[in-house]
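Each chain is listed here by its residues.
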Amino acid sequence: TRMAVSKSTLSIVLIVLGGLSVLFGTVLVFVGPIIIDDQIVKNVEINPNNGLSYTMWKDIPVPFFMSVYFFHIVNPDEILKGEKPTVVQRGPYVYREKRWKDNITFHDNHTVSYKEYRQYFFEESMSVGNESDLVTIPNMLVLGASVMMENMPFPVRLLLSATFKSFEEGPFLTKPVGELMWGYDSKLVDFLNKYFPGMLPTSGKFGLFAEFNNSNAGQFTVFTGQDDIRKVHMVDSWNGLKSVNYWRSEQCNMINGTAGQMWPPFMTKESTMPFYSPDACRSMELVYQRPGMSRGIPVYRFVAPKTLFANGADYPPNEGFCPCRQSGLLSVRTCRHNSPVFISHPHFFEADPVLLDTVNGLRPNEDEHGLFIDIHPIPHILMNIFWTWFFLTAFLLLMFRFLILHSSDHMPVLFTMPFPQLSSSITRTVQLTHSFSSHFCDDFSNTFNMMCLSSSPDLDADQHLSLLNTACSEVLNTTAPLKLKKSKPKTKSWLYDNIRSLRQACRRAERK
């Protein structure tokens with residue numbers, strides 16, 4: 001009898017527990033997502049009371065990486081004689097970008113104003129080359145000034161032409177990458193700023209990114225999402241403006257979307273990702289392409305539509321960005337001091353095929369040259385960003401427990417470990433090495449053939465041999481320039497060859 005009672009009691013207990021489990025599971029199925037969504041909303045909104053998420057929004061804790069590529073011109077003299085330009089891609093030259101927000105002011109209408117500052121630091125270990133590499137590019141000072149003085153009186157144009165010659169400024173320029181990026185001294189710049197003030201955007205050194213370091217992209221005022229999470233990070237105004245006046249239509253002048261780093265959560269495949277870019281002087285929008293995985297995290301991939309840089313003839317809504325050239329080019333001279341500056345996808349990807357026929361050495365493909373963003377659809381986690389005009393890459397890999405729960409079961413363990421004194425007699429070996437790119441074989445072959453086509457068939461054997469040696473040497477130095485390389489001292493006792501090779505493989509994977 002006691003055995004029977006025990007079995008019946010156990011059965012009742014199991015049934016009750018089973019029922020409670022079913023009830024709890026049913027409630028969790030319906031209530032669990034609501035609780036999680038509520039936590040996401042609280043942590044996504046811009047609120048100083050949300051300690052961790054607000055700190056991450058204010059001072060972005062992970063680095064952005066800007067990868068810069070140059071098109072090195074291998075035949076500048078031939079171009080002046082009417083030949084087609086031949087270019088070789090150099091890079092990437094990778095810069096770690098630190099960003100932080102300052103001048104933060106919250107407003108009563110659930111918006112916040114701020115300026116985001118940026119600093120750049122060269123990352124040689126992630127780069128193919130260094131800032132001392134010599135690159136030949138069009139002389140933007142001369143070409144820009146020539147275009148801007150088209151409507152000036154003839155005596156002024158004659159004076160500027162004489163100035164170019166006196167300062168030995170030609171249509172092409174060969175400089176180290178570091179100087180092209182961050183600026184170089186130029187007597188022409190000093191002359192133009194003295195006699196034509198306001199003509200150039202800079203009063204000091206002239207460089208592609210001379211004004212970027214320690215700068216900001218203007219004052220953004222965005223919605224905090226505290227009243228409506230669907231509006232979080234959406235731009236209310238930029239520099240106090242609700243729209244710009246660079247373009248010819250109201251639609252093209254609109255400031256839409258976010259500032260380009262974060263978007264509202266709970267995105268679907270029907271969502272779009274609009275953002276305003278001060279560097280491009282316009283709003284843009286990405287559209288859903290496909291689902292995917294990024295380092296084990298499910299993501300949605302959003303890409304630039306083919307109409308992004310289409311001209312008004314191919315896509316009428318873009319008529320406001322005209323006067324237009326071929327599809328694939330966006331002129332931004334109206335917001336760049338009337339300089340002849342254009343934005344496009346790298347290698348004229350998805351541009352009018354006519355543009356590809358104007359230059360030798362371009363090889364567009366979607367994987368390397370398309371603009372896309374991988375983003376987690378629920379929390380607004382940016383996985384990878386490739387800005388087309390200088391391939392800005394960002395990795396914001398944030399753990400879900402921090403985003404949703406703000407908690408962690410990991411605590412630091414502090415201890416002291418003595419190490420033996422390392423030897424200070426460390427020597428560095430210095431050597432000259434050629435820098436080979438992935439397209440070296442093709443670039444060498446094309447450039448070599450171009451140089452040898454002009455040779456005379458009447459040369460004797462010695463002259464042919466001399467021509468061959470000279471051509472090989474010049475082409476090699478052009479397509480794979482010599483660099484002074486110092487070997488790094490091995491001061492880390494744990495850094496064995498096996499660990500070093502694994503770390504290099506990891507960095508190669510990160511660059512991909």
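Going by the annotation in an unreviewed UniProt entry, the name recorded for the protein chain is Scavenger receptor class B member 1, with Cyprinus carpio given as the source organism. Quoted verbatim from the Sequence similarities (unreviewed entry) field of the UniProt record, the comment on the protein chain reads "Belongs to the CD36 family."

## What about the confidence of the model for the protein chain?
Mean pLDDT over the protein chain: 77, with 73% of residues reaching 70 or higher. Looking at the elements of the protein chain, mean pLDDT is at its lowest for helix H10 (residues 400-404), recorded as 25, and at its highest for strand S7 (residues 235-238), recorded as 95. Below a pLDDT of 50 lies the segment residues 380-427, which in the model reaches 117 contacts outside its immediate sequence neighbourhood of four places, other chains included.

## Let's talk about a negative patch on the surface
Together, Glu350, Glu366, Asp367 and Glu368 line one region of the surface with negative charge. Here Glu366 is to be found in helix H9 (residues 366-369). Judged by its relative accessible area of 43%, Glu366 is partly exposed.

## Focus on the side chain of Ser215
Relative to the elements of secondary structure, Ser215 occurs in strand S6 (residues 215-223). For Ser215, a relative accessible area of 11% puts it in the buried group. One polar contact links the side chain of Ser215 to the main-chain carbonyl oxygen of Phe212, over a distance of 2.4 Å.

## Examining unusual backbone geometry
For the bond running from Gly91 to Pro92, omega is 10 degrees, close enough to zero to count as cis. Inspection of the secondary structure assignment puts Pro92 in strand S2 (residues 87-106). Cis rather than trans, the peptide bond between Cys322 and Pro323 has omega equal to 15 degrees. Here Pro323 lies in the loop between strand S10 (297-303) and strand S11 (330-331).

## Some points on the packing of aromatic side chains
What the rule picks out here adds up to 17 aromatic pairs. When the ring of Tyr95 is compared with that of Trp182, the centres are 5.4 Å apart and the planes differ by 80 degrees; the resulting orientation is edge-to-face. Taken together, the residues span a long stretch of sequence, with Tyr95 in strand S2 and Trp182 in helix H6 (residues 177-182) at a distance of 87 residues. Look at Tyr288 and Phe302: their rings are 5.9 Å apart centre to centre, the planes differ by 75 degrees, and that puts the pair in the edge-to-face class. Placement of Tyr288 in strand S9 (residues 282-294) and of Phe302 in strand S10 is noted, with a sequence separation of 14 residues between them. Joined through ring pairs, the aromatic side chains of Tyr95, Tyr120, Phe122, Trp182, Phe209 and Phe212 make up one cluster. Seen from the ring of Phe64, Arg99 lies directly overhead, with NZ or CZ sitting 4.5 Å from the centre. The cationic tip of Lys101 hangs over the ring face of Trp57; the distance from NZ or CZ to the ring centre is 5.0 Å.

## Remarks on the state of the cysteines
Using the criterion set out here, one finds 2 disulfides in the structure. In this model Cys281 forms its disulfide with Cys335; the gap between the sulfur atoms is 1.9 Å. Judged by the torsion about the S-S bond (85 degrees), the Cys281/Cys335 disulfide is right-handed. You can see Cys281 sitting in the loop between strand S8 (272-277) and S9 and its partner Cys335 sitting in the loop between S11 and strand S12 (342-343), a full 54 residues away along the chain. The class of Cys281 is buried, set by a relative accessible area of 1%. Cys322 shares a disulfide with Cys324; S-S distance 1.8 Å. The disulfide joining Cys322 to Cys324 has a torsion of about -90 degrees about its S-S bond and is therefore left-handed.

## What about the pairing of strand S1 (residues 64-73)?
For S1, the buried fraction is high: 8 of the 10 residues fall into the buried class. For S1 and S2, the ladder comprises 9 bridges, and the chain directions are antiparallel. Paired with Met66 across the strands is Tyr95, a residue of S2.

## Considerations on the nonpolar core
Within the largest apolar cluster, 40 residues are counted, with the highest numbers of intra-cluster contacts made by Trp247, Met273, Leu286 and Phe302. Listed by contribution, the elements that provide at least two residues to this core are helix H2 (51-58), strand S3 (111-122), S6, S7, S8, S9, S10 and strand S13 (372-375). In this view, Leu286 contacts Thr272, Met273, Phe275, Phe302, Val303, Ala304, Pro305, Leu371 and Ile373; residues no more than four positions away in its chain are not counted. In this structure, Met66, Tyr95, Leu141 and Leu200 belong to the second largest nonpolar core, which totals 28 residues.

## Observations regarding the environment of His439
Position of His439 among the secondary structure elements: in the loop between strand S16 (430-434) and helix H11 (440-452). Along the backbone, His439 and Thr479 are 40 residues apart, and their C-alpha atoms lie at a distance of 9.2 Å.

## Brief notes about the pattern of salt bridges
What the rule picks out here adds up to 10 salt bridges. Its salt-bridge partner being Glu97, residue Arg99 comes within 2.8 Å of it at the nearest N-O pair. Accessibility expressed as a relative area gives 14% for Arg99, which makes it buried. Note that Asp236 is salt-bridged to Lys242, the shortest N-O span being 2.7 Å. Judged by its relative accessible area of 54%, Lys242 falls in the exposed class. Each of Glu97, Arg99, Lys101 and Glu116 takes part in one network of salt bridges that share partners.

Cut-off values and rules
- Residues numbered from 1 in each chain as written.
- Predicted model: local features only at pLDDT ≥ 70, side-chain atom pairs only at ≥ 80, totals over all residues.
- Heavy atoms only, no water.
- UniProt positions renumbered as here; feature names shortened; annotations may be inferred.
- pLDDT = per-residue confidence, 0-100.
- Helix = DSSP H or I, 4+ residues; strand = E, 2+ residues; numbered from the N terminus.
- Contact = heavy atoms within 4.5 Å.
- Patch = residues over 30% accessible without salt bridge, like charges linked within 9 Å, V, L, I, M, F, W, Y side chains within 5 Å.
- Areas by Shrake-Rupley, 256 points an atom, 1.4 Å probe, with all protein chains shown as cover.
- Salt bridge = Lys/Arg side-chain N within 4 Å of Asp/Glu carboxyl O.
- Lys, Arg positive; Asp, Glu negative; His and termini not counted.
- Charge placed at Lys NZ, Arg CZ, Asp CG, Glu CD.
- Buried < 20%, exposed > 50% of the residue type's maximum accessible area, 1.4 Å probe, protein only.
- Polar contact = N/O pair within 3.5 Å; in protein donor to acceptor, adjacent residues only side chain to side chain.
- Phe/Tyr/Trp six-rings, centres within 6.5 Å; stacked < 30°, edge-to-face > 60°.
- Lys NZ or Arg CZ within 6 Å of the ring centre and 35° of its normal.
- Disulfide = S-S within 2.5 Å.
- Pairing = 2+ DSSP bridges.
- Core = buried A, V, L, I, M, F, W, Y, C linked by side-chain atoms within 4.5 Å.

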